[in-house]
Amino acid sequence: MTELDTSNPGHQTANSTMPASQSRARARERNNVLNRAEFLSLNQPMKGNQETRSSSRKQGSQSGLAPVQNEGTKERRQSQQLPEEDCMQLNPSFKGIAFNSLLAIDICMSKRLGVCASSASSWGSARSMITLIGITGHGVPWIGGTLICLVKSSTLAGQEVLMNLLLALLLDVMIVAGLQKLAKRRGPYDVHPGLLDYLTMDIYAFPAGHASRAAMVSKFFLNHLVLAIPLRILLVLWAFCVGLSRIMIGRHHITDVLSGFVFGYLQFRLVELLWMSSNTCQMIISIW
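Below, the structure is looked at part by part. Worth saying up front: this structure is predicted, and the values here are computed from it rather than measured.

Cut-offs used in this document
Residues numbered from 1 in each chain as written. Predicted model: local features only at pLDDT ≥ 70, side-chain atom pairs only at ≥ 80, totals over all residues. Heavy atoms only, no water. Helix = DSSP H or I, 4+ residues; strand = E, 2+ residues; numbered from the N terminus. Contact = heavy atoms within 4.5 Å. 1 Å grid on protein atoms, 1.4 Å probe; cavity = no way out; pocket = protein on both sides within 12 Å on 5 of 7 lines; lining within 4 Å. Points joined across faces, edges and corners; volume = space filled by probe spheres on them. Nonpolar A, V, L, I, M, F, W, Y, C, P; charged D, E, K, R; others polar. Phe/Tyr/Trp six-rings, centres within 6.5 Å; stacked < 30°, edge-to-face > 60°. Buried < 20%, exposed > 50% of the residue type's maximum accessible area, 1.4 Å probe, protein only. Polar contact = N/O pair within 3.5 Å; in protein donor to acceptor, adjacent residues only side chain to side chain.

### A closer look at the side chain of Arg246
- Along the chain, Arg246 falls in helix H11 (residues 229-248).
- Residue contacts for Arg246: discarding those within four places in its chain leaves Asp197, His210, Arg251 and His252.

Printed below as a string of structure tokens:
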């Protein structure tokens, strides 16, 4: 009992000192300037603002990267879904680039040479004369003139030549019309075909029917008629002028006329292979 009594005063003194120290600490906190309300924002770390800023930055970076990633995935999907033809167009070969370059040069030069394409062109006043030169290579006058000469011809040699010339002209009309129907290439200018063009089905630009006919007829005459040298030169110049006139009026490209000359020569070679003899020609004439 005596020990318990001696220990109780110590506990009382300790308990008495604790409130005193707490009251002193509270007084110090009250006297501290930083604990005032206007200085609390400086004393406390801004954890909430930093977290919000970092989260907003992350969201902004993610939102900025999201469209880029979406665009990349869309392009990959589109490239995977593209057919082989479109992939070849995106990566053209050397032949494709060369072909497109030559085609662009052909169109540009043809437009520059189309000086009689309309009445408002630089050579618009000479359009009627240039058109008349082109008509000399049309199929209707040549077929009609060949038939008239065939009726009036009285020699077997003349009838043989005229019958084969008529065969060549008919082959030219059919071959050129078929090739134009397949190619369906328009001219450098919006020039509507005339009535004679519709009769011979010479509607499109490639190949040039007038040029092929002029080349075939000139080669036919040079090979089967006895002509003087000046007439031979004039015959070649006539074929060249017919092809050039079709470019000047804006009806054909340069490549259309050049291909027409080539097809005309090939048609002449075909007629030479299919050449009808005098007996065959007389038999056909007798049927008429």
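### Comments concerning the layout of surface pockets
- Its volume calculated, the largest pocket comes out at about 240 Å³.
- Residue assignment for the lining of the largest pocket shows that the elements contributing at least two residues are helix H6 (127-135) and helix H9 (195-199).
- Ranked by residue count, the leading element in the lining of the largest pocket is H6, at four residues.
- For the lining of the largest pocket, the class distribution of residues is six nonpolar, six polar and four charged.

### Things to note about the packing of aromatic side chains
- Evaluation of the coordinates by the stated rule reveals four aromatic pairs.
- Aromatic side chains Trp142 and Phe221 sit 5.9 Å apart centroid to centroid with 50° between the ring planes, which places their arrangement in the tilted category. Taken together, the residues Trp142 in helix H7 (residues 139-152) and Phe221 in helix H10 (residues 209-224) connect sequence positions 79 residues apart. The pair formed by Trp142 and Phe221 is uniform in burial state, with each residue classed as buried.

### A look at the environment of Leu235
- By the element assignment, Leu235 lies in helix H11.
- Taking C-alpha positions, Leu235 is 8.9 Å from Lys219, a pair spaced 16 residues apart along the chain.
- Not counting the four nearest positions on each side in its chain, Leu235 is found in contact with Ser218, Phe221, Leu222 and Leu227.

### Notes on the environment of Thr155
- Along the polypeptide, Thr155 turns up in the loop between H7 and helix H8 (156-183).
- A polar side-chain atom of Thr155 sits 3.2 Å from the main-chain amide nitrogen of Gly158.

### A word on the environment of Phe263
- Checked against the element boundaries, Phe263 lands in helix H12 (residues 254-273).
- You can call Phe263 partly exposed: its relative accessible area is 23%.
- Separated by 56 residues in the primary sequence, Phe263 and Pro207 have C-alpha atoms spaced 8.1 Å apart.
- When near neighbours in sequence (up to four residues on either side) are disregarded, Phe263 contacts Leu179, Phe206 and Pro207.

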